[in-house]
Amino acid sequence: MKSKAAPSGVMLYAKSSGPTSFSSLWSIKHALGTEKVGHTGTLDSFADGLLVVLSGHLTHLVPHVTGFTKSYEAIVCFGKETDTLDPTGEIIKTLAPVTKEQIEGILSKFTGAILQTPPAFSALHVDGKRASDLVREGKEVALESRQIFIYGLELCEYLDNKAVNGCTYAKLKVTCSKGTYIRALARDIALDLGSCAHLCALRRTQVGPFRLEDAACCKSLGEFTIAAGMVSESKIRLEKENKSFLERAEEKLFSKKKEKKPRPKDSEEKVTDIKSHFLEFDSELAALCGFECDMLKPEAERNYNNGRPLSSRMFERMENLAVNKEFYVQDEIAVFYKDSSFAGIIKKQPERLHYGFVVPHGKKSIRVFTWKEICDGAFPHQWKKKGSAITVGSFEAIHKGHQELVDFVLAEKNLVSGIVTFASSISREDGRNVFTLRQRLDFFESLGIDFAIVIDFNEDFAKLSGEQFFEILSEKCCLKFLAEGKDFKCGYKGSFAMEQISVLSVKMGFVLKQADYVEYQGLKVSSSRIKKEIAAGNFAEVREMLGRPFAISLKGHKFVKKADGSDLSAFETLLSDDQVFPEKGSHKVVVSFADGNILHSELNIEENRISLLLPTQKYADNAVAVVF
């Protein structure tokens, strides 16, 4: 299927312990097929948890998301302090550990507005250099204290391990403001109790309205307990100790750079998980992030995209959105086009509106999935929460009856719209479609359908019963609405008809809309009837049944010059195996080209090839369709 650049959106990703935040972005870039991403707050390499990554034009909002409150779970070891205040450092201090009662008694002192001195091992810059780099060079670093805010601080678990290593352990839950160092918080709590401490493990669980459990790869993190934190620290220290003396000597004496190892390829399951968790920036997501939302009036779109002065008359407020007051944005508005795609940010000032940034209005693209991808969980979680409206069929011809089904689906405004079709004809007649798969997908895209599921009919799929087929759509795509014609059948030998589907709709909880037959000249319109009329060259009748002209796709065909004419030359190509053609003869047609131009011409159909009258080879190379 064709790929496209990731749209403006939000990626929730569960970083594992070990990789840096920056290196974790590689998996996201690879899965989404884009280089334009930015994260909204780093996690130390030893830490795991939620990374909120912004893609495309939404990278402009990094400062806004960075300012959200954050929640963490931290495993704190009381009794030993490392120079980095985390498991990657060297132990520099040992004191008597603290009790559970001591911890519980002091937590209230560290809630609310407090002053905190950041750790010396941090990414903060001093005189143009990172503080951590200066410390490693043996220089003293003095960082100024700054005010932070601790919204919540709770003791969740405690372990007395003095008999084993002279330490006690606590699992703390922390909700805090931007700029808070959990390592420094653990240090200061221990210091106030006359002890010392460092972090064994750290997990970020929430960033503003975004939660770790909604992130891609979250299931790979495992349980976060004191025992798990102790194991994690032991692994980090063991890896550090196993580093050979020679490697350390070379790095210290010769500053030898390690050779870059080839990055391991992500598994299909991981790539699918990342793709399915990508959140397109729609009005609901904007409201969740605290933005009021306006719809740009279609007549104002040109002025908006050309940077003309803004006026309130260009916009309409999008009502019925639950704007998140906790993160409310006072002076900015998220703007959306009529088709609900993101248009950018405008800024409110006392006397006028100003541009924040503009997202050009691109063509809405249909998202295409294979049946295997759906079964593997590729359907976006954002869409599953909304639910889907679907129509299923071969759509060999996409006639007026099919268009009615699509209209029913598109009318369900609160649901994601989709079609399920087949890669090639499943007809027992000649195996050819009136329209190619690409033509069908382009047509559905032009109508505004959100997604298509394309099934490659094979033995495994043929084994599915009708009930199993709809169970998969219900589970994987959250099917809420189904539109079908009264003669629709599926399953083995078409044994699952509308009567069974009607019963199943009640059982599974989706709405079933049945459409009547569409007739032309007193007879039912069908794909097989349209094929016969095409073969007979009755294109006026075909146009009436389709609701638009019949067209042969020329995409992928290579034309070669056949013979010279007086003004035009004949260019020929072999017939395609997957599309219906008229019988032999000459036909007056309109040729469309990739640049949007058209040309009236003549098409000749011979035994196994077609020839087309065109001015030059350049025209032949850019022809995309012939319309009868």
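Quick caveat: nothing in here was measured; it's all calculated off a predicted structure.

Draft legend 1. Examining the packing of helix α17 (residues 466-477) against helix α18 (residues 498-508) more closely. It is the contact of α17 with α18, at a shortest axis distance of 11 Å, that shows an interaxial angle of 35°. The hand of the α17/α18 crossing is right-handed. Between α17 and α18, the residues in contact are Glu467, Phe470, Glu471 and Ser474 and Ile501, Leu504, Lys507 and Met508, respectively.

Draft legend 2. Quick look at the sheet that holds strand β19 (residues 353-358). Ordered in space as β16-β15-β17-β18-β19, the five strands form an open sheet in which the pairing is mixed. Looking along the sheet, the strands with just one partner apiece sit at the ends: β16 (315-317) and β19. The sheet shows a mean angle of 35° between the axes of neighbouring strands, direction not considered.

Draft legend 3. Region of interest: the packing of aromatic side chains. Scanning the entire structure with this criterion turns up 27 aromatic pairs. Between phenylalanine 435 and phenylalanine 550, the ring centres sit 6.2 Å apart and the planes meet at 45°, which makes this aromatic pair tilted. Here the residue phenylalanine 435 occupies a position in the loop between β22 (416-422) and α15 (437-447), and phenylalanine 550 occupies one in the loop between α20 (539-546) and β30 (551-553), the gap between them amounting to 115 residues. The exposure class of phenylalanine 550 is buried, given its relative accessible area of 1%. One aromatic cluster in this structure is built from Trp371, Phe422, Phe461, Phe469, Phe470, Phe496 and Phe510.

Draft legend 4. Region of interest: the environment of leucine 479. Counting through the fold element by element, leucine 479 comes out in strand β24 (residues 479-485). Judged by relative accessible area, leucine 479 falls into the buried class, the value being 2%. The sequence separation of leucine 479 and valine 511 amounts to 32 residues, and the corresponding C-alpha distance is 8.9 Å. When neighbours within four sequence positions are excluded, leucine 479 is seen to be in contact with Ser388, Ile390, Phe470, Leu473, Ser474 and Phe510.

Draft legend 5. Structural detail: unusual backbone geometry. Not every positive phi belongs to a glycine, and cysteine 217 is a case in point at roughly 70°. For serine 340, which is not a glycine, the phi torsion comes out positive at approximately 80°. Considering the arrangement of structural elements, one finds serine 340 in the loop between β17 (332-336) and β18 (342-348).

Draft legend 6. Seen up close, the pairing of strand β32 (residues 569-574). Burial analysis of β32 places five of its six residues in the buried class, which makes it a mostly covered element. Taken together, the six bridges between β32 and strand β35 (residues 609-614) define a ladder with antiparallel strand orientation. Directly across from glutamate 572, in β35, lies its bridge partner serine 611.

Draft legend 7. Main features of the sheet that holds strand β27 (residues 511-515). A sheet is described by the order of its strands in space; here six strands give the open sequence β20-β23-β22-β21-β24-β27, paired in parallel fashion. Taken across any chain shown, the strands that pair with only one partner, and hence form the sheet edges, are β20 (367-370) and β27. Pairs of neighbouring strands in the sheet enclose a mean axial angle of 20°, with direction left out of account. When β24 meets β27, the two strands line up parallel, connected through five bridges. Following the sheet pairing, alanine 483 is matched in β27 by lysine 513. Where helix α14 (residues 400-410) meets the sheet, it contacts β21 (388-392), β22, β24 and β27, and its direction lies at approximately 160° from that of β24.

Draft legend 8. Seen up close, the pairing of strand β23 (residues 451-455). Within β23, five of the five residues are buried, which leaves the element mostly enclosed by the surrounding structure. A two-sided burial pattern is seen for β23, the buried positions comprising Phe451, Ile453 and Ile455 on one face and Ala452 and Val454 on the other. The pairing of β20 with β23 spans four bridges and is parallel. From the neighbouring strand, phenylalanine 369 faces β23, where its bridge partner is isoleucine 453. Where β22 meets β23, five bridges bridge the pair, whose relative direction is parallel. Looking at the pairing, phenylalanine 422 lines up with isoleucine 455 of β23.

Draft legend 9. Layout of α17. With twelve residues, α17 extends 16 Å from end C-alpha to end C-alpha; this agrees with the ideal 16 Å at 1.5 Å per step. Within α17, the full set of buried residues consists of Gly466, Phe469, Phe470, Ile472, Leu473 and Cys477. Looking straight down α17, one finds that the buried residues subtend no more than 150° of arc, so they occupy a single side.

Draft legend 10. Up close: the state of the cysteines. If you walk through the whole model with that rule in mind, you get zero disulfides. The structure places no disulfide on cysteine 477, whose sulfur is separated from the nearest cysteine sulfur, that of cysteine 375, by 8.9 Å.

Draft legend 11. A look at the packing of helix α1 (residues 21-32) against helix α9 (residues 268-276). Between α1 and α9, whose axes approach to 9 Å, the crossing angle comes to 80°. As the angle between them shows, α1 and α9 are arranged roughly perpendicular. Across from Ser27, Ile28, His30, Ala31 and Leu32 in α1, the residues of α9 making contact are Lys270, Val271, Ile274 and Lys275. Grouping the amino acids of the contact of α1 with α9 by side-chain chemistry returns five nonpolar, two polar and two charged.

Draft legend 12. Focus on the environment of leucine 85. By the secondary structure assignment, leucine 85 is in the loop between β5 (80-82) and β6 (91-94). Judged by relative accessible area, leucine 85 falls into the buried class, the value being 4%. Along the sequence, leucine 85 and arginine 187 sit 102 residues apart, while their C-alpha atoms lie 7.3 Å from each other. In this structure, leucine 85 is in contact with Pro119, Arg183, Ala184, Arg187, Ala197, His198 and Leu199, ignoring residues within four places of it in sequence.

Draft legend 13. Representation of the environment of aspartate 577 within the structure. Mapped onto the fold, aspartate 577 is located in the loop between β32 and β33 (585-593). Sequence separation of aspartate 577 and asparagine 608 is 31 residues, and the distance between their C-alpha atoms is 9.9 Å.

Draft legend 14. Spatial organisation of the nonpolar core. Among the nonpolar cores identified, the biggest contains 44 residues, and Phe78, Leu153, Leu172 and Ile189 are the most heavily contacted of them. Residues within four places of isoleucine 189 in sequence aside, it is in contact with Phe78, Ile106, Leu107, Phe110, Leu153 and Leu172. Counting 32 residues, the second largest nonpolar core, distinct from the first, contains Phe571, Phe593, Ile610 and Ala623.

Draft legend 15. Summary view of the pattern of salt bridges. In total, this model carries 30 salt bridges according to the counting rule given. Notably, a salt bridge pairs aspartate 192 with lysine 109, separated by 2.7 Å at the nearest N-O pair. Residue aspartate 192 is located in helix α6 (residues 182-192), and its partner lysine 109 is located in the loop between α3 (100-106) and β7 (112-116); the two are separated by 83 residues in the primary sequence. Assessed through its relative accessible area of 37%, aspartate 192 is described here as partly exposed. Note that lysine 486 is salt-bridged to aspartate 516, the shortest N-O span being 2.7 Å. Taken together, the residues span a long stretch of sequence, with lysine 486 in the loop between β24 and β25 (489-490) and aspartate 516 in the loop between β27 and β28 (519-520) at a distance of 30 residues. Exposure remark for lysine 486: the relative accessible area of 44% places this residue in the partly exposed category. Judged by its relative accessible area of 52%, aspartate 516 is exposed. It is possible to trace a salt-bridge network through shared partners that takes in Glu292, Asp294, Arg317 and Lys348.

Here is what the cut-offs are and how they apply
- For every chain, the first residue of the written sequence is number 1, and numbering continues from 1 along that sequence.
- Only residues with pLDDT of 70 or above have their local features reported here, since the model is predicted, and side-chain atom pairs are shown and tallied only from 80 upward, although totals for entire chains, interfaces and linings are computed over all residues.
- Values shown for side chains rest on all heavy atoms present in the structure; no hydrogens or waters enter the calculation.
- Where helices are involved, their axes are fitted lines through C-alpha atoms of the stretch in contact, as for all axes, and angles between N-to-C directions lie from 0 to 180°.
- Starting at the N terminus, helices and strands are each numbered in turn, a helix being any DSSP run of H or I of at least four residues and a strand any DSSP run of E of at least two.
- Helix crossings get a hand from a simple test, with the near helix turned counterclockwise from the far one by less than a right angle marking a left-handed crossing and a clockwise turn marking a right-handed one.
- Residues are treated as being in contact if the distance between any of their heavy atoms lies within 4.5 Å.
- Strand pairing requires that DSSP identify at least two bridges connecting the strands.
- Ring pairs are drawn from Phe, Tyr and Trp, using the six-membered ring of Trp, whenever the two centres fall within 6.5 Å, and their geometry is named by plane angle: stacked under 30 degrees, edge-to-face over 60, tilted for the rest.
- Partly exposed residues are those whose accessible area sits between 20% and 50% of the maximum for their type, while under 20% is buried and over 50% is exposed, using a 1.4 Å probe and protein chains only.
- What a helix should span is 1.5 Å times the count of its residues minus one.
- This arc corresponds to the set of directions leading from the helix axis out to the C-beta atoms.
- Any two cysteine sulfur atoms within 2.5 Å of one another count as a disulfide.
- Small angles under 35 degrees read as roughly parallel and large ones over 145 as roughly antiparallel, with 65 to 115 read as roughly perpendicular and the rest as oblique.
- For this scheme, ten residues count as nonpolar: Ala, Val, Leu, Ile, Met, Phe, Trp, Tyr, Cys and Pro. Four count as charged, namely Asp, Glu, Lys and Arg, and the remainder, Gly too, count as polar.
- Nonpolar cores are built from buried Ala, Val, Leu, Ile, Met, Phe, Trp, Tyr and Cys residues. Side-chain atoms within 4.5 Å join them into one set.
- Here a salt bridge means any side-chain nitrogen of Lys or Arg lying within 4 Å of a carboxyl oxygen belonging to Asp or Glu.

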